[in-house]
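Spelled out, the chains give:
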Amino acid sequence: MTARKLDVHRLSHATLRSIAAGGASEADLRLLRSAQRSQLLLVLRALLDHVDEAARRTRHHGGVPSGQTAWRLLCAVEERAPDALETALADPTVMAWALRLLRRLGGSVAGIPSAAPLWADLGQFQALAAAAALRAGVPCVLRVPANRGMVWLPGAGMVGPVARRRWSEAEIRVDLEGAVAHGELGHVLLPRRLSASAPGWRPLRMLRDLAPGGDGAMEPGPWLDMVSPYRDFTRYPRFPDRPDDGRLCVWETRLAAAYALLDRESPVEAAALRVLVRAFVPRPLRRAEGGQVASASSLDAFGMVTLSLPHDETQTAAVLVHETRHQQLNALLSLVELVRTPENPGGESRGRRLYYAPWRSDPRPARGLLHGVFAFAGVGRFWRTHRRHVTGAESGRADFEFAVLREQLREAVAELLTGEELTEQGRLFVGEIAHLVAMWQDDEVTAGPAALARHYCALRRAVWRARHLEIPAPVADRFATAWAARTTAPALPPSTLRPRPDLIRLDTFGPLARSRLSAPDVFTRRRRRASRAGEPVLRAGYAAVAGDAEQAALGYAEWTAQDPWDPEAWIGAVLALPDSTRGAGAALLLDRPEAVVGVLRALAAAGGGHPAPADLAQWLGGSSA
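Worth saying up front: this structure is predicted, and the values here are computed from it rather than measured.

Procedures and definitions
Residues numbered from 1 in each chain as written. Predicted model: local features only at pLDDT ≥ 70, side-chain atom pairs only at ≥ 80, totals over all residues. Heavy atoms only, no water. Helix = DSSP H or I, 4+ residues; strand = E, 2+ residues; numbered from the N terminus. Rg over C-alpha atoms; globule rule 2.2 N^0.38 Å. Contact = heavy atoms within 4.5 Å. Areas by Shrake-Rupley, 256 points an atom, 1.4 Å probe, with all protein chains shown as cover. Lys, Arg positive; Asp, Glu negative; His and termini not counted. Charge placed at Lys NZ, Arg CZ, Asp CG, Glu CD. Phe/Tyr/Trp six-rings, centres within 6.5 Å; stacked < 30°, edge-to-face > 60°. Buried < 20%, exposed > 50% of the residue type's maximum accessible area, 1.4 Å probe, protein only. Lys NZ or Arg CZ within 6 Å of the ring centre and 35° of its normal. Core = buried A, V, L, I, M, F, W, Y, C linked by side-chain atoms within 4.5 Å. Expected span 1.5 Å × (residues − 1). Polar contact = N/O pair within 3.5 Å; in protein donor to acceptor, adjacent residues only side chain to side chain. Pairing = 2+ DSSP bridges. Patch = residues over 30% accessible without salt bridge, like charges linked within 9 Å, V, L, I, M, F, W, Y side chains within 5 Å. Salt bridge = Lys/Arg side-chain N within 4 Å of Asp/Glu carboxyl O. Axes fitted to C-alpha atoms, helices over the stretch in contact; angles between N-to-C directions. Disulfide = S-S within 2.5 Å.

A. The arrangement of the overall build of the chain in detail. Broken down by element type, the chain carries 22 helices and 16 strands. For a compact globule of 625 residues, the expected C-alpha radius of gyration is about 25 Å, and the chain comes in at 28 Å, within 12% of that figure. Its C-alpha atoms put the chain at 90 × 50 × 50 Å along the principal axes. Across the chain, contacts joining residues at least 24 apart in sequence account for 69% of those joining residues at least 6 apart. Of the accessible surface of the chain, which amounts to about 27400 Å², a share of 52% is contributed by carbon and sulfur atoms. Taken as two groups, the 78 positive and 67 negative side-chain charges of the chain have centres that lie 3 Å from each other.

B. Here's a closer look at the packing of aromatic side chains. Scanning the entire structure with this criterion turns up 15 aromatic pairs. Ring centres 5.1 Å apart and planes at 50° place the aromatic pair W152 and Y230 in the tilted group. Of this pair, W152 sits in strand β2 (residues 151-153) while Y230 sits in the loop between β9 (223-224) and α7 (245-265), and the two are 78 residues apart along the sequence. When sorted by exposure, W152 lands in the same class as Y230, which is buried. Each member of the aromatic cluster is reached from another via a ring pair, and the members are W152, Y230 and Y236. A cation over an aromatic ring shows up here: R100 above the ring of Y236, its NZ or CZ 4.3 Å from the ring centre.

C. Examining the nonpolar core more closely. Core analysis: the largest hydrophobic core is formed by 128 residues, its most contacted members being F280, F429 and L620. Once residues within four sequence positions are removed from consideration, L620 is found in contact with F479, A489, L492, L588, A595, V596 and V599. Counting 75 residues, the second-largest nonpolar core is a separate cluster that includes L89, V138, V151 and W223.

D. Structural view of helix α3 (residues 67-80). Compared with an ideal rise of 1.5 Å per residue, which puts 14 residues at 20 Å, α3 spans 20 Å between its outermost C-alpha atoms and is within 8% of the ideal. The complete set of buried residues in α3 reads G67, A70, W71, L73, L74, C75, V77 and E78. As for α3, its buried residues are in contact with α2 (26-57), α4 (82-89), α6 (118-136) and β1 (140-147). Between the side-chain oxygen at the start of α3 and the backbone nitrogen of Q68 there is a gap of 3.0 Å, and the oxygen is on S66.

E. Local environment of the pairing of β1. The element β1 is extensively covered by neighbouring structure, given that 6 of its 8 residues are classed as buried. Here β1 pairs with strand β4 (residues 167-175) via 8 bridges, running antiparallel. Note on β4: the bridge partner recorded for C140 is V174.

F. Summary view of a positive patch on the surface. On the surface, R525, R526, R528, R529 and R532 cluster together into a positively charged patch. You can see R525 is positioned in helix α16 (residues 520-533). For R525, a relative accessible area of 42% translates into the label partly exposed.

G. Fine view of the sheet that holds strand β6 (residues 186-190). The strand order across the open sheet built from 4 strands is β1-β4-β5-β6, with neighbouring strands paired in antiparallel fashion. Edge strands, defined here as strands with exactly one partner in the open sheet, are β1 and β6. Across the sheet, the axes of successive neighbouring strands diverge by a mean angle of 25°, strand direction being ignored. Bridge count between strand β5 (residues 178-183) and β6: 5 bridges; the pairing is antiparallel. Looking at the pairing, V180 lines up with L189 of β6. Where α6 meets the sheet, its contacts fall on β1, β4, β5 and β6, and the angle it forms with β1 comes to roughly 130°.

H. Structural view of the pattern of salt bridges. Applying the stated rule across the entire model yields 38 salt bridges. The closest approach of N and O atoms between R274 and D263, which form a salt bridge, is 2.6 Å. Remark: D263 occurs in helix α7 and R274 occurs in helix α8 (residues 267-276); sequence separation between them is 11 residues. Accessibility expressed as a relative area gives 16% for R274, which makes it buried. By sharing partners, the salt bridges in this structure join R231, D232, R235, R238 and D241 into a single network.

I. A look at the sheet that holds strand β12 (residues 304-307). Spatially, the 5 strands line up as an open sheet ordered β8-β9-β10-β12-β11, and their pairing is mixed. Two strands bound the open sheet, and with one partner strand each, they are β8 (205-206) and β11 (295-296). Where strand β10 (residues 279-282) lies against β12, 4 bridges are found, and the strand directions are parallel. Bridge pairing links V281 to T306 in β12. Here helix α9 (residues 313-333) sits on the sheet and contacts β10, β11 and β12; the angle it forms with β12, its principal contact strand, is near 140°.

J. Looking closely at the state of the cysteines. Tallied over the entire structure, the rule returns 0 disulfides. Of all cysteine sulfurs, the one in C140 lies closest to C75, which takes part in no disulfide; the gap is 14 Å. Relative accessible area serves as the criterion here: at 14%, C75 is assigned to the buried category.

Here's what the structure looks like:
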């Protein structure tokens, strides 16, 4: 942070190809991490230019401490104990705080507004300096913000409560005797070993065995973060969660097992995880029962991953690979432009092409699709490798996941490469992934999981089209007139995108397929209960996953009778049929379901009734034959 000659981060085409193909070396990974550290320093330096001016305009009793004072202390720590400074800066929530405050000072409407008063957001500069000085043993006395009496010390934890009010000031004093936090309620003495719990001290939960160099490694992290106020991607500040040692032990055991699995089977992905990910934020959600895990990464918090508790170590490993890939791409995009910056000020999703992302239910812009492609390429490679290490139900589960992802990736990379949003470097990057995915297409997959994967991919694609695509209303009216007159259907026009987020609902087929493959006995019991409950959606889904075409047909018929406007029921009924029995109408319901939806709406508006979707699709299919 002191004055010195600046290095320049350079990225060669060879490195770009290596990262795209999933073969990033340790030097490549450290380049990405170094670039993010440089970005953080630039953001902090930009804040320094504005915080004192903002502080002078901010009404707060006693004023707001100078950012220059905090900066000088950080420089002193760097001179005396650079590792102490690095530990504080390595906390991903420092970047989250700094970027959000910079936007706030610049009047940006992007992101989630802070619930903290401006003086408190500004005062976190002092908290950062206090955390670094505390680790270095540099004497200081600093005024810092307290939220409900809790004081944030980045890279270390939370101290308090030392006050009752929602927002107040506290004092951090560091001297040769140690460190203490003072507030209107009294004081809290901080332990010399900051990773240890103590009365009034809530440390970050260090996962020492998972550090890049093992126990005792100099590099900070990783840790479980249940305390930092900026650990949430959607709201801030956030109060610390209640301590629960039992829950934390489950998380530690699950993460340790996942790290060990990746070390054995996917050492390249394991290395990326160890270098790039510093913090895990457990989400307060139920454990995933073989289904999808809620996980996320953010551009604002490089090195931090939030996730709900996965079902087992294999699912945990897959999620960690996925989020580590997002971390890699976030860092890479700060060095090289892979997707052209949108010309319009409203962002990429306004006036820009949106794509079908096979793993998402909503249309995605090119940048979002690129993120999905790179992340799921890593997960696909994980499952491809994992298949060679397991047998029985676990093998079927791995076959299914791999078969789904290679099909979804094949379609997604083709879409990206036909678009115009990728830069020259972006096309090189996606081309490497496309080459990798093309090689996967010849891999043999067990028949049962392969069939479920084909069904699942076709279902997601067709349902997405039915929700988000449409044929022009005047054209649909002409089709309705032709149907009423019993004449031949006109030729189908191209469809246009009209996103309908209100029509999106949770996927059921995927979790049911995973349940059948990983826990067949549990699947059978739950299917019996679903049949007794009489819910046609679940009855149809269980029967389709089980390969029971007769019961699936009954379930989808009941579903359609209950909700004749739900295209997922029509599409599911087609997919439950053997391939040899499907005709032109069935093919059209899978390839152009939006045309059936549009003509049905036009018929209803004209008082033409509601013909069976299969009959209408057969008529429309004759026009496109």
